[in-house]
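Secondary and tertiary structure notes
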Amino acid sequence: MHDMSTHAVPHGAPTSFIRKHVFSTDHKVIGKQYYALALVAAFFGMFLSWLMRIHLGFANFAIPGLHLLSSTGAPGDIMTPEYTCN
């Protein structure tokens, strides 16, 4: 007689996007996750770099939505020396 605890229970491959791509233990999927994260980080860093360079070249340039990032606000969406991001 065979003990049922020694046999592996067959499971099908994950079918949902979340199970396959977010909670995966497959090394190929994890590599794709790192690649996608690296691309997102690189593009976000480039965006922030461009934002800083625009601010250095055009100090009175209005940055849309800047007032939403700080509790003290940025009058007219223009970054002043007193601006802090709290």
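Our structure's up above, just so we're on the same page.
Residues numbered from 1 in each chain as written. Predicted model: local features only at pLDDT ≥ 70, side-chain atom pairs only at ≥ 80, totals over all residues. Heavy atoms only, no water.

1. A few points about the overall build of the protein chain
The condition that has to hold: Strands are runs of DSSP state E lasting at least 2 residues, helices are runs of H or I lasting at least 4, and numbering of each runs from the N terminus. A 1.4 Å probe rolled over the protein chains alone gives each residue an accessible area, and that area as a share of the maximum for its type sets the label: buried under 20%, exposed over 50%, partly exposed in between. Only heavy atoms enter the contact rule, under which two residues are in contact if any of them lie within 4.5 Å. Using a 1.4 Å probe, accessible areas were evaluated by the Shrake-Rupley method; residue-level cover was limited to the displayed protein chains.
When helices and strands are tallied, the protein chain shows two helices and zero strands. Among the 86 residues that make up the protein chain, the fraction classed as buried is 10%. The contacts in the protein chain between residues at least 6 apart in sequence include a share of 2% that link residues at least 24 apart. Just so you have it, the protein chain exposes about 7,700 Å², and 70% of that area is on carbon and sulfur atoms.

2. Here we look at the side chain of Asp77
With respect to the helices and strands, Asp77 occurs in the segment after α2 (27-57). Beyond its immediate stretch of four places on either side in the chain, Asp77 contacts Phe61, Ala62, Ile63, Pro64, Gly65, Leu66 and His67.

3. Description of the environment of Ser16
Test applied: Definition of a polar contact: a pair of N or O atoms within 3.5 Å, with one able to donate and the other able to accept a hydrogen when the atoms are protein atoms, and with sequence-neighbouring residues admitted only if both atoms are side-chain atoms.
When you line up the elements, Ser16 lands in the segment before α1 (17-22). Using a relative accessible area of 32% as the deciding quantity, one classes Ser16 as partly exposed. From its side chain, Ser16 meets the backbone nitrogen of Arg19 in a polar contact 3.2 Å long.

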